[in-house]
Each structure stands twice: as structure tokens, then as C-alpha cells.
Amino acid sequence: MSRGQSLSDVFIFETILGASILVAEVPSGIIADRIDRKWVIIAGFGFNAVAETLFAFAQSHLSFSVSFALSGMAIAILTGALDAYVYDALGAAAENRSVGVWGHLSSLELVAGVIASACGGLLAAIDIAWPAIATAVAASIGALATGLLPAQPMGTSSPTGESESSLQQLRQGVVLLFSTPILLHVVAASGACFVLFNAVFTLNQPLFAASGVPVATWGFIVAGAQLTAAFYNHWAGWIEASIGRKRALLLAMACGAAGFGLMAMPHALCGVGGFFLVVIGMHARGPITLAVANQVIPKVRRATVLNIASSFGSLVGIAVNPIIGAAADASAPLASAGIAAVLLGVAVSWIPVVNRYLGDPQRPADRNDSEG
């Protein structure tokens, strides 16, 4: 707004961002499964660096529009390629180590977000443009750092070793997604559940206000919840090894359901405690769903299917968002209770699906028993 843009313009930019992601997501996944994924990741971080730099110095509606379009392309390019790269880089240990690795990455991201928010506030107090400039510098350093990644070359062959075209690759990716029940469950549940979990950052405001939580503490509450989630995810691998993948995801979903249930109660402690549980559950489920999805997708289709799944999940989210908004307009506590019920239902439905379609990695004690 300080550079002549209105709030209506901002929502137009967000629309451009979403459209850019949807348009670029599937093609970028196909490309990532056909060439060296290292170069795809470099391109994604490169687009992001250009987008952030353009955003920091933009003065016109066109400049901001191009910045958001490039940012959407960066997000789309990295959606499947980055997760596929991480999983494949773990080699034979991926099935057992992936949850812990993604948990550590999520923990680092959360801590970095809290630090960045604090630094951004201090910089904005000097000049509103400084946080954007600092972001552009950080994004540029990140783009340069990706050049140090080891290569991860791919090919144009299918899992059977036969060469296939991009169109065949896309068609087979769609078939794989919709013919694999556990993958479809994870994708549909993840798309809808992300929107449900993310609603906490809107619902918490009227619920906090109604229960008398001082506005001055809201920022500290959010930061504290994110740091708590970071601590939980730091130990995500240990938690999964201790209780099993099936129970670990059930625990994450149960945290979210219990949290929204508590937030529906008209008491400050319930509201704050529930918010913490929701944020923990929101971030705790990510490493597990990524591990499950990557486990059942062949390496040569991994980025393609992940990006198709992400697009499908986005469409589910688009359908769910208006329902949440209408419920929140009617009653924020009722909306919170409704989300709690849906999350509980999704959590319970996970049990029969994983029992039938996925062998849950054994806990160390189970492996020792079988060896004995």
C-alpha cells in the first residue's frame, strides 16, 4: 500500500499466485522426473530469489503481478521435486529415516520463521521496505547455496524400464494416484486437513477476544506454539520409532481434534491450550504424510505424482474454505467444534486404511523380538 497498491490489488496478486501454482505444478513435476532434480531445485529457488527481489523494489501493479507469478512458479517447481529429492537422497534408509529427516527440516523451518518474524518487525520499525529487502537477500543466498547440492539424475523410463512420453508419464501418474487407496486417502485428507488446521490462525482471533486473552499476548502465543511444534518435530523420528507410523499420525491428528475442541470452550486457558495443540498437530502430521506418500510412489514418478496430488489437494481445499468461512460467520466456537469432529473422523478413518494397505515400519523393540 505504501507503493500505491490497494487491498483489492493485494487480493488480485494472491489470485495470480494461486493461478501460477496450479498452472505450473504438474508440468514441473513431470520435468523433475525426467532430468537431474538438482537443476529443477536450483530453478525453483532461482525463481523465488528473482520474485523476492522484484517484490522488494516494485513500484507498479505490473511489477507486483510479475513478482507473485514468479513466486507461484517457484512454489510449484519445488512442491514435488524437493520432497522427492530428499526421499531419494536417503537411499535404502528412506523408509525408516524420512520421518525424522522431515521432522528436523520442519523444526528448523519453524524456528527460522519465529526468528524472521521478530527480525522483520524490528526492520519494519525502521522502514517498511527493509523486511522485503532482507527477504530478497536471504532468498538470493539460498538460491546460490542450492548449487552445492549433489546431482540426482533421472531418465525418461517408466518403472518397467520402457521409455515413455511426458503425456504417458502424466496419465500413469494420475492412474497411480487414483488407484492407490492409501495415497488417495493421504492426499485428500492432507488437502482438506491443511485448510482445516490453517483455519486456527483466523478462528483464534475471535475466540481469544471472546475469552478475554489480551491482544498484546497474541503474538507471543503464536510464537510459543510454533516453537513448541518445532520441539515436537525435532523428535518426530524418535516418536515414530517408539510408537509406529500409524500411531504417530493418529497422535498428530488427535492433537488437532482435541485442540479445536478445547478452543470451542469459553475459557482463556482452554483457548490458548487448544491453540498450542492445534499448531503442534498441524506441523507434526507433515513429516509422516510425506513419508507415507513417498513410500508408495515409484522413484521415476515421485515428483510427478506428488505435484498431481498437491494440485488435487488444492482443489479440495478450495471447496472446503467457503464452508469454514460460513460456519465461522455463524459461530466461531461452533466452527471450531465442527472442525474438531471432522479431524477426529479423518484420524479414525486412517486406522483401517493403513492396516490394509501399508505395512507400518516396526518399532525397534518389535524388530529385536523378531530377530530373537
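A few points on the structure. Note that the structure is predicted; figures quoted are calculated from it, not measured.

1. Concerning the packing of helix H9 (residues 218-234) against helix H12 (residues 268-296)
At their nearest, the axes of H9 and H12 sit 9 Å apart, and the two run at 40 degrees to each other. The angle between the axes of H9 and H12 places the two elements in the oblique class. The handedness of the crossing between H9 and H12 is right-handed. Here Ile221, Val222, Gly224, Ala225, Gln226, Thr228, Ala229, Tyr232 and Asn233 of H9 lie close against H12, whose contacting residues are Val272, Phe275, Phe276, Val279, Ile280, His283, Ala284 and Pro287. Taken together, the residues that form the contact of H9 with H12 break down as 12 nonpolar, five polar and no charged.

2. Overview of the environment of Arg356
Mapped onto the elements, Arg356 comes out in helix H14 (residues 332-357). As for Arg356 and Met154, which are separated by 202 residues in sequence, their C-alpha atoms are 32 Å apart.

3. Description of the packing of helix H2 (residues 37-57) against helix H3 (residues 61-89)
Direction vectors running N to C along H2 and H3 enclose 150 degrees, while the axes themselves pass 7 Å from each other. Classified by the interaxial angle, the pair formed by H2 and H3 is roughly antiparallel. The interaxial crossing formed by H2 with H3 has left-handed handedness. Counted by class, the contact of H2 with H3 contains 20 nonpolar, five polar and two charged residues.

4. Some details on the state of the cysteines
Any covalent bond linking the sulfur atoms of two cysteines counts as a disulfide. Enumeration over the complete set of coordinates arrives at zero disulfides. Considering cysteine sulfurs only, Cys255 is the nearest to Cys270, which forms no disulfide, with 16 Å between them.

5. Points about the nonpolar core
Among the nonpolar cores identified, the biggest contains 56 residues, and Leu203, Met253, Phe260, Phe275, Ile339 and Leu343 are the most heavily contacted of them. Examining the composition of this core, we find that 10 residues originate from one element, H14, more than from any other. Sequence-distant contacts of Leu203, that is, excluding residues within four places in its chain, are made with Phe260, Ala328, Ala332, Ala335, Ser336 and Ile339. One finds Ile41, Ala81, Ala303 and Val305 within the second-largest nonpolar core, a separate group that totals 21 residues.

6. Focus: the pattern of salt bridges
Per the stated rule, a full pass over the model turns up four salt bridges. In this structure, Arg37 and Asp88 form a salt bridge, with 2.3 Å as the shortest nitrogen-oxygen distance. Of this pair, Arg37 sits in helix H2 while Asp88 sits in helix H3, and the two are 51 residues apart along the sequence. For the pair Arg37 and Asp88, a shared accessibility class is recorded, and that class is buried. Between Arg302 and Asp88 there is a salt bridge, and its shortest N-O distance comes to 2.2 Å. Linking Arg302 in helix H13 (residues 302-330) with Asp88 in helix H3, this pair joins segments that are 214 residues apart in sequence.

7. Comments concerning helix H6 (residues 166-179)
In a regular helix each residue adds 1.5 Å, so 14 residues correspond to 20 Å; H6 covers 20 Å between its end C-alpha atoms and thus fits that length. Listed as buried for H6 are Gln169, Gly173, Leu176 and Leu177. Projected down its long axis, H6 carries its buried residues within an arc of 95 degrees, all on one side.

8. A look at the side chain of Arg37
By relative accessible area, Arg37 is classed as buried at 0%. When near neighbours in sequence (up to four residues on either side) are disregarded, Arg37 contacts Ala32, Ala81, Ala84, Tyr85, Asp88, Gln152, Met154, Lys299, Arg302 and Ala303.

What counts and how
- Residues numbered from 1 in each chain as written.
- Predicted model: local features only at pLDDT ≥ 70, side-chain atom pairs only at ≥ 80, totals over all residues.
- Heavy atoms only, no water.
- Axes fitted to C-alpha atoms, helices over the stretch in contact; angles between N-to-C directions.
- Helix = DSSP H or I, 4+ residues; strand = E, 2+ residues; numbered from the N terminus.
- Parallel < 35°, antiparallel > 145°, perpendicular 65-115°, else oblique.
- Left-handed = near helix turned anticlockwise from the far one by under 90°.
- Contact = heavy atoms within 4.5 Å.
- Nonpolar A, V, L, I, M, F, W, Y, C, P; charged D, E, K, R; others polar.
- Disulfide = S-S within 2.5 Å.
- Core = buried A, V, L, I, M, F, W, Y, C linked by side-chain atoms within 4.5 Å.
- Buried < 20%, exposed > 50% of the residue type's maximum accessible area, 1.4 Å probe, protein only.
- Salt bridge = Lys/Arg side-chain N within 4 Å of Asp/Glu carboxyl O.
- Expected span 1.5 Å × (residues − 1).
- Arc of directions from axis to C-beta.

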